[in-house]
Amino acid sequence: MAAAGLMILASCGGNSNKEVVQQAASEEKDTTASVAVVRDTFPADRWMEENKQKDGVVEENGIQYKVLQEGTGDKPNKRKRVKMNFEVRLTNGKLVESHWGKDVMELPVANVIPGLQNALTLMPEGSTWEIYIPWQLGYGTEGSKNIPPYSALIFKVKLIEVVKLK
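Residues numbered from 1 in each chain as written. Predicted model: local features only at pLDDT ≥ 70, side-chain atom pairs only at ≥ 80, totals over all residues. Heavy atoms only, no water.

**Overview of the nonpolar core**
Here's step 1: Counting residues in hydrophobic clusters, the biggest one holds 26 residues, and the most contacted among them are Leu116, Leu120, Ile131, Phe155 and Val157.
Here's step 2: Once you skip the residues sitting within four places of it in the chain, Leu116 turns out to touch Met84, Ile131, Ile133, Phe155 and Val157.
Here's step 3: The next biggest cluster of nonpolar side chains, apart from the first, holds 8 residues, and it includes Met48, Val57, Trp135 and Ala152. (Core = buried A, V, L, I, M, F, W, Y, C linked by side-chain atoms within 4.5 Å. Buried < 20%, exposed > 50% of the residue type's maximum accessible area, 1.4 Å probe, protein only. Contact = heavy atoms within 4.5 Å.)

Below, the structure written as structure tokens:
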């Protein structure tokens, strides 16, 4: 699109082609910088940036996590099923969903949001972690029934078992 604009501007006369190209490049940089500034003002992005500075928080595979209890078992891959307890909150602390201590969920790792997939593949069986997932690896720009668009999520997950295939 910028190239089409350059051709139109260049054919109008007045400025030299070199001046037109320099002006367009400057405007493109300004637009890119503006987009970056706007994006960095998302509350969820700021929250994730601040969170990674906290003691015990590790950043890996696009997510952040804090080990509450380290397990010693197998780590699942995306083709495995897992049994787990979990709860999910928004960064303001609002509980969105809980299967903590009452329901053991069994589900394929591949069927959860990308950020949780990334976390589960790092977790040894028997672990309990607090996992911080950026909106891009959560429910994105669309959100979900109880999760607004652009929401970072906080999961507390206890990986009870990596289900062995029979």
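**Topic: the packing of aromatic side chains**
Here's step 1: All chains considered together, the criterion is met by 4 aromatic pairs.
Here's step 2: When the centroid spacing of 4.8 Å and the interplanar angle of 70° are considered together, the rings of Trp135 and Tyr150 count as edge-to-face. Here Trp135, found in the loop between β6 (128-133) and β7 (153-163), pairs with Tyr150, found in the loop between β6 and β7; they are 15 residues apart in sequence, far enough to count as distant. (Phe/Tyr/Trp six-rings, centres within 6.5 Å; stacked < 30°, edge-to-face > 60°. Helix = DSSP H or I, 4+ residues; strand = E, 2+ residues; numbered from the N terminus.)

**Re the environment of Val109**
Here's step 1: Mapped onto the elements of the fold, Val109 is located in the loop between β5 (105-108) and α4 (114-120).
Here's step 2: Of the residues examined, Val109 reaches a relative accessible area of 0% and is grouped as buried.
Here's step 3: Through-space distance from the C-alpha of Val109 to that of Lys83 is 9.8 Å; in sequence the pair is 26 residues apart.
Here's step 4: Apart from residues no more than four positions distant in its own chain, Val109 is found in contact with Pro76, Asn77, Lys78, Lys80, Val82, Gln117, Leu120 and Thr121.

**Things to note about helix α3 (residues 43-51)**
One full turn of an α-helix is made of 3.6 residues, so residues set three or four places apart face in the same direction.
Here's step 1: Restricting attention to buried positions, one finds in α3 the residues Ala44, Asp45, Trp47, Met48 and Asn51. Looking straight down α3, one finds that the buried residues subtend no more than 160° of arc, so they occupy a single side. Facing away from the buried surface of α3 by more than 90 degrees, the exposed residues are Pro43 and Glu50. (Arc of directions from axis to C-beta.)

**Describing the confidence of the model for the protein chain**
The predicted coordinates of low-pLDDT regions are not to be read in fine detail.
Here's step 1: Taken as a whole, the protein chain shows an average pLDDT of 82; of its residues, 74% reach a score of 70 or greater.
Here's step 2: Of the regions scoring below 50 in pLDDT, residues 1-18 engages in 9 contacts with residues more than four places distant in sequence or in other chains. (pLDDT = per-residue confidence, 0-100.)

**Here's the deal with the environment of Lys54**
Here's step 1: Tracing the backbone shows Lys54 in the loop between α3 and β1 (58-60).
Here's step 2: On the accessibility criterion, Lys54 (47% relative accessible area) is partly exposed.
Here's step 3: Note: C-alpha distance between Lys54 and Lys66 (12 residues apart in sequence) is 9.5 Å.

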